[in-house]
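Report on the structure
Spelled out from the first residue to the last, the chains are:
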Amino acid sequence: MSFQIPRGTQDILPGDVERWQYIENTAREICRYYQYKEIRTPIFEHTEIFQRGVGESTDIVQKEMYTFQDRKGRSMTLRPEGTASTVRAFVEKKLYAQPSQPTKLYYIGPMFRYERPQTGRFRQFVQFGVEALGSNSPAMDAEVISLAMELYRTVGLKKLKLIINSLGDADSRKAHREALIAHFEPRIGEFCSDCQKRLQQNPLRILDCKVDRNHELMATSPSIMDYLNEESRAYFNKVQQYLTDLNIEFTVDPNLVRGLDYYNHTAFEIMSDAEGFGAITTLCGGGRYNGLVKDFGGPETPGIGFALSIERFLAALDAENVELPIEQSIDCFVVALGDKAKDRSVSLVYELRKAGLTAEKDYEDKKMKAQFKAADRYKAKFVAVLGEDELERNIISVKNMETGTQVEVLIDELTAYIKA
């Protein structure tokens, strides 16, 4: 019987996993600069967390969640995104009561959605995301957007396009909602069944429909920009001002709609403009969600965040032919010839590693030539050769693989020599 990986998942093997680690480490380092702290939430939660946090009208809740019953009949769901779990933890652990506010958090981990697998889209995928809770300042919107842009640029991406929009405050959204219903209702029968349900649940999401995006009513739908009240318009203008001050180029797209129900005010997406990237060009999406904490039983607390897929991040790097500066060599490979030398090599390699050096040795009793080939595969900077004769003289021969020079040093001084 042969076993195969589940559809929509992937094995990330040595040689490729280092690219993942590089991106994850870079994200953590940038979060340190911006003073965002890591949070780790459960991979599964009570289903109501996502029904409430993501939104009943979303495709995620209606079609894509991996939901199951535990042994006591409680409904559990593998997390499809990170914001709902983060906000649940924020409320449950009363992080809003900490003296230093806003609370700035980030997460990296697997998410699960039952979607049709395609390039850059998996059923188990890894997201990096940030959430800033407790500030209603448009400067925080600019900071969150700048963090995402900084990550992409630091790793080497250049062909990026930032799209922003305002969804307005509650009053603006209500006026826009009524206008959308009036616009689509007379001909809603021409739209897909999902859009027919969305008309009353969340008509804004009709604009995000992939099935009916070419319908003529889409092009003439009411723009949110026409329904922003003075406060919402001033807020959005400030966000644009701050992005301009940070030299971050952007395009305002009134039709930008995020796929989750909890967004208000600023919404944004970062896309790849790289040739050949594929049909799904969105790399990152996020926005402001000022009512979500209250929905989870917490105090009125504003929030903003984003999430990005590591898989799509890697695909964008490939599309732009960006090579990551990943260290693939080791400091020293120990070649041992003879039983006593092989015994001594065990502690030699241990001593090198204990001193903070990367080291390896042969474990298959290979001949000297084969051991040197192994050292080449490891791209060893130095090869230390220990035979019975060297062992008797208490020396070891060390070859610099870049220059070709070879010296003899005392065995006990090998670690100090390599470090120097």
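The following refers to the structure shown.

Thoughts on helix H11 (residues 310-319)
Burial analysis of H11 places 7 of its 10 residues in the buried class, which makes it a mostly covered element. Taken together, the buried positions of H11 are Ile310, Glu311, Arg312, Phe313, Leu314, Ala316 and Leu317. Residues of H11 that are buried sit in contact with helix H1 (17-34), strand S6 (124-133), helix H5 (138-155), strand S9 (264-272), strand S10 (282-288) and strand S11 (303-309). The opening residue of H11, the one whose side-chain oxygen lies 3.2 Å from the backbone nitrogen of Glu311, is Ser309.

A short note on unusual backbone geometry
A cis geometry characterises the amide bond from Gln101 onward to Pro102, with omega recorded as 5°. With respect to the secondary-structure elements, Pro102 resides in the loop between helix H4 (83-92) and strand S5 (103-112). Positive phi is not limited to glycine here, since Asn321 has a value of about 55°. Judged by relative accessible area, which is 67%, Asn321 ranks as exposed. Although it is not a glycine, Asn394 adopts a positive phi angle of roughly 60°. Positionally, Asn394 belongs in the loop between helix H14 (388-393) and strand S15 (395-400). Judged by its relative accessible area of 34%, Asn394 falls in the partly exposed class.

Digging into the nonpolar core
In terms of nonpolar packing, the biggest core is built from 50 residues, with Phe128 and Phe306 touching the most fellow members. Per element, the largest residue contribution to this core is 10 residues, and it comes from H5. Residues contacting Phe306, with those up to four places away along its chain left out, are Tyr107, Phe128, Gly129, Val130, Glu131, Val144, Leu147, Ala148, Phe268, Cys284, Gly285 and Gly286.

Side note on the side chain of Arg113
Here Arg113 is to be found in the loop between S5 and S6. One buried charged side chain, Arg113, makes no salt bridge at all; its nearest oppositely charged neighbour is Glu64, positioned 4.6 Å away. There is a polar contact of 2.8 Å between the side chain of Arg113 and the backbone oxygen of Pro80. Excluding residues within four positions of it along the chain, Arg113 makes contact with Ile60, Glu64, Tyr66, Pro80, Glu81, Phe122, Arg123, Phe125 and Gln127.

Some words on the packing of helix H2 (residues 47-54) against H4
As a packed pair, H2 and H4 sit with axes 9 Å apart at the nearest point and diverge in direction by 105°. Between H2 and H4, the angle is such that the two are roughly perpendicular. Facing H2, whose interface residues are Ile49, Phe50 and Gly53, H4 presents Ala84, Ser85 and Arg88. Classifying every residue of the contact of H2 with H4 gives 3 nonpolar, 2 polar and 1 charged.

Conventions we followed
- Residues numbered from 1 in each chain as written.
- Predicted model: local features only at pLDDT ≥ 70, side-chain atom pairs only at ≥ 80, totals over all residues.
- Heavy atoms only, no water.
- Buried < 20%, exposed > 50% of the residue type's maximum accessible area, 1.4 Å probe, protein only.
- Helix = DSSP H or I, 4+ residues; strand = E, 2+ residues; numbered from the N terminus.
- Contact = heavy atoms within 4.5 Å.
- Polar contact = N/O pair within 3.5 Å; in protein donor to acceptor, adjacent residues only side chain to side chain.
- Core = buried A, V, L, I, M, F, W, Y, C linked by side-chain atoms within 4.5 Å.
- Lys, Arg positive; Asp, Glu negative; His and termini not counted.
- Salt bridge = Lys/Arg side-chain N within 4 Å of Asp/Glu carboxyl O.
- Axes fitted to C-alpha atoms, helices over the stretch in contact; angles between N-to-C directions.
- Parallel < 35°, antiparallel > 145°, perpendicular 65-115°, else oblique.
- Nonpolar A, V, L, I, M, F, W, Y, C, P; charged D, E, K, R; others polar.

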